[in-house]
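Single-letter residue listing:
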Amino acid sequence: MLRSVLSGLHQATKNVRCLGSLLSTSRPINLSLFSPRVSLIEPTIRNFSVNLVNGVTAALPLISHRSSGLLQPKSVLVDTVRTNIKFSKTKGKRKTVKVVLKKFYRLNWGCWIHAKCGRHKRLYKKSAARRRRLQYHVFCNSTQSMLLDKMVTRYWRKPKYYVDDSYEPYHTREEFKLTRSKPYDPFL
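Residues numbered from 1 in each chain as written. Predicted model: local features only at pLDDT ≥ 70, side-chain atom pairs only at ≥ 80, totals over all residues. Heavy atoms only, no water.

### As for the pattern of salt bridges
Taken as a whole, this structure holds two salt bridges when the rule is applied. Of the charged contacts in the structure, one is a salt bridge between Asp149 and Arg106, with a shortest N-O distance of 3.0 Å. Separated by 43 residues along the polypeptide, Asp149 in helix H4 (residues 142–151) and Arg106 in strand E3 (residues 104–106) bring together distant segments of the chain. The salt bridge involving Glu175 is made with Arg173; its shortest N-O contact spans 3.6 Å. Of the residues examined, Arg173 reaches a relative accessible area of 26% and is grouped as partly exposed. (Salt bridge = Lys/Arg side-chain N within 4 Å of Asp/Glu carboxyl O. Helix = DSSP H or I, 4+ residues; strand = E, 2+ residues; numbered from the N terminus. Buried < 20%, exposed > 50% of the residue type's maximum accessible area, 1.4 Å probe, protein only.)

### Here's the deal with the confidence of the model for the protein chain
Residues with a pLDDT of 70 or more make up 56% of the protein chain, whose mean pLDDT is 74. Taken element by element, the predicted model of the protein chain shows its lowest mean pLDDT in strand E1 (residues 52–53) (44) and its highest in E3 (97). Low pLDDT, under 50, characterises residues 31–64; the predicted model gives this stretch 54 contacts beyond four residues in sequence or across chains. (pLDDT = per-residue confidence, 0-100. Contact = heavy atoms within 4.5 Å.)

### Observations regarding the sheet that holds E3
With respect to topology, three strands assemble into an open sheet ordered E3-E4-E5, the strand pairing being antiparallel. The open sheet has two free edges, formed respectively by E3 and strand E5 (137–139), since each of these has just one partner strand. Within the sheet, the average angular offset between the axes of one strand and its neighbour, ignoring direction, is 30°. The pairing of E3 with strand E4 (residues 112–115) spans three bridges and is classified as antiparallel. Bridging from a neighbouring strand, Tyr105 pairs with Ile113 of E4. (Pairing = 2+ DSSP bridges. Axes fitted to C-alpha atoms, helices over the stretch in contact; angles between N-to-C directions.)

Rendered as structure tokens:
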């Protein structure tokens, strides 16, 4: 183990000398492994100078390139965020995200529903009962419904009335106190 660390240190000094001559920095490069200011190279995709010595990752000091004019590689792991950032250029009003209207349907009492995932994919593998269950729609929870309400404009949040609407029985929710439209009769 000690031999692999020492050979890793020797290889690290070679790499540092080569990189130091390329960078031509005015500051001397600190080669101490025990300095608290020196960070260690992590074995990730974006670090191109990781050395494997006898199957063990050697702890090598990372040289700071901030002072030099070299370009840094961009991070590969970037988190994508899907929020409503669409605004009109002329008036600055919010725009509707069209994918929400394509994949979801809003009931009049405020809940959103959507079809189950994979209802058209690989149906030959699925049993008849599972294919029947995939045709059903499911409710979104309150957090998802609030997010979808923010992603559409006021026009799509208002109740819509269509001729022969197949969702007509689901537009009212009488059993819940906040969405009830008829007065509650406890004797029924």
